[in-house]
Amino acid sequence: HGEAAPISTAAFVAAPKQHTQSTSLASSTGNALDSILSVFDNTKSNNNYQLAQSIMLSLINDEKCFSTTAGAQKFAESCAVDVVFEDCYEPQPIVGRSAVLEHLRAKVLARVGGSENSDKDAGFRVDKISDGSKACGFAWTWTSNSLEGLRGTTFVELNDSNQIQYVREIPEPLYKPGDLILDVLKTVTADATPKPPPEYTSRTPTKANEIAKYLFNDVQGSSPDEAMRFFSPDIIYRDFNYEDVLKGKAEVRKFIEDFSFPGITFATQRFDDGVKSTCFTWEVILEGAPDGSAIKGISFYEVDESGLVTYVRDVPESGLKPPPLGKLARQFRP
């Protein structure tokens, strides 16, 4: 897809639900996380130390947590007992360490044809990852040999014991509605009452997570000019409602203005603490829509040395639960 190069661990601080093989998680709980943390113990005094990023890169690249059943076990061992895993291709969140293990194992087995002994390649490539310590997010692509498949974004948050306590994963929709989604949203909010633009105090944050908070929590719905001064002239903006990426400030400005109308709110939920890049979760709230119909999403922002946003990836969940085209995407994309 040409948006990013794969990320290696060394570059940084250091389907069907049933299966027959039993897994013993309780006896090995914590082993994977303890092993990962021990590698980075000597770097905690380093100002560039990003724990959440380091844990996820180790689990993905070294343990193969999303492409092997043994790796899925390692991921589960790194989770809190009461971990919540929101896979937005599923109707309900997966809750608890054992349930997360079963879910990840089932996805791996579905990709390799149902057998742990399969020689089918089920690669998982990290394209971009935020440099968070307590939480991070990463943009990813499924691969199979030289083929590229399903793409998506995942947000991961740690607890005070550095265990994974929360995950939201949203793969791209197979069907991308384009401007049709805009028409639908405007139809739902047609009777919304226009409100005066919110007041804000102009600031110039430079850290990625603070820029995202400022744009969404302070400036949203107010001044497009204020928002646009944070975007690089070379901005690349990928929204998975659309087939094509937006390039340059003019296209991004039109996109932001198109989605700024009475009755729509992008309500932020969780942010990581990334400095050069950040990932955060949100939901779209539509005035006039039924209760419980908010659309969940994840965004990934990357900034340059001057604090200008150079890359964005937005991925919304499907409005259908579970999304039938999403199921097909997992089955037929490598």
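This structure is a prediction, so every number in the text was calculated from the model and none was measured.

## So, empty space enclosed by the protein
Estimated volume of the largest cavity: approximately 80 Å³. Counting residues per element, the lining of the largest cavity draws most heavily on helix α4 (residues 97-111), which supplies four residues. Considered class by class, the residues forming the lining of the largest cavity number seven nonpolar, no polar and three charged.

## What about unusual backbone geometry?
The backbone of Lys-64 shows a phi angle near 55°, a positive value even though the residue is not glycine. Following the sequence through the fold, Lys-64 ends up in the loop between α2 (51-62) and α3 (69-77). Backbone geometry places Asn-162, a non-glycine residue, at a positive phi of 65°. Relative to the assigned elements, Asn-162 resides in the loop between β5 (147-158) and β6 (164-171). In this structure Asn-162 comes out as buried when scored by relative accessible area, which is 17%.

## Observations concerning the pattern of salt bridges
If you walk through the whole model with that rule in mind, you get 15 salt bridges. In this structure, Arg-270 engages Glu-157 in a salt bridge whose closest nitrogen and oxygen atoms are separated by 2.5 Å. On the criterion of sequence distance, the pair formed by Arg-270 in strand β9 (residues 264-271) and Glu-157 in strand β5 is long-range, its members being 113 residues apart. Of the residues examined, Glu-157 reaches a relative accessible area of 15% and is grouped as buried. With a closest N to O distance of 3.0 Å, Glu-226 and Arg-229 form a salt bridge. By relative accessible area, which is 8% here, Glu-226 ends up buried. Relative accessible area serves as the criterion here: at 34%, Arg-229 is assigned to the partly exposed category. Shared partners join several salt bridges into a network, and the residues in it are Glu-86, Arg-168 and Lys-296.

Conventions we followed
Residues numbered from 1 in each chain as written. Predicted model: local features only at pLDDT ≥ 70, side-chain atom pairs only at ≥ 80, totals over all residues. Heavy atoms only, no water. 1 Å grid on protein atoms, 1.4 Å probe; cavity = no way out; pocket = protein on both sides within 12 Å on 5 of 7 lines; lining within 4 Å. Points joined across faces, edges and corners; volume = space filled by probe spheres on them. Helix = DSSP H or I, 4+ residues; strand = E, 2+ residues; numbered from the N terminus. Nonpolar A, V, L, I, M, F, W, Y, C, P; charged D, E, K, R; others polar. Buried < 20%, exposed > 50% of the residue type's maximum accessible area, 1.4 Å probe, protein only. Salt bridge = Lys/Arg side-chain N within 4 Å of Asp/Glu carboxyl O.

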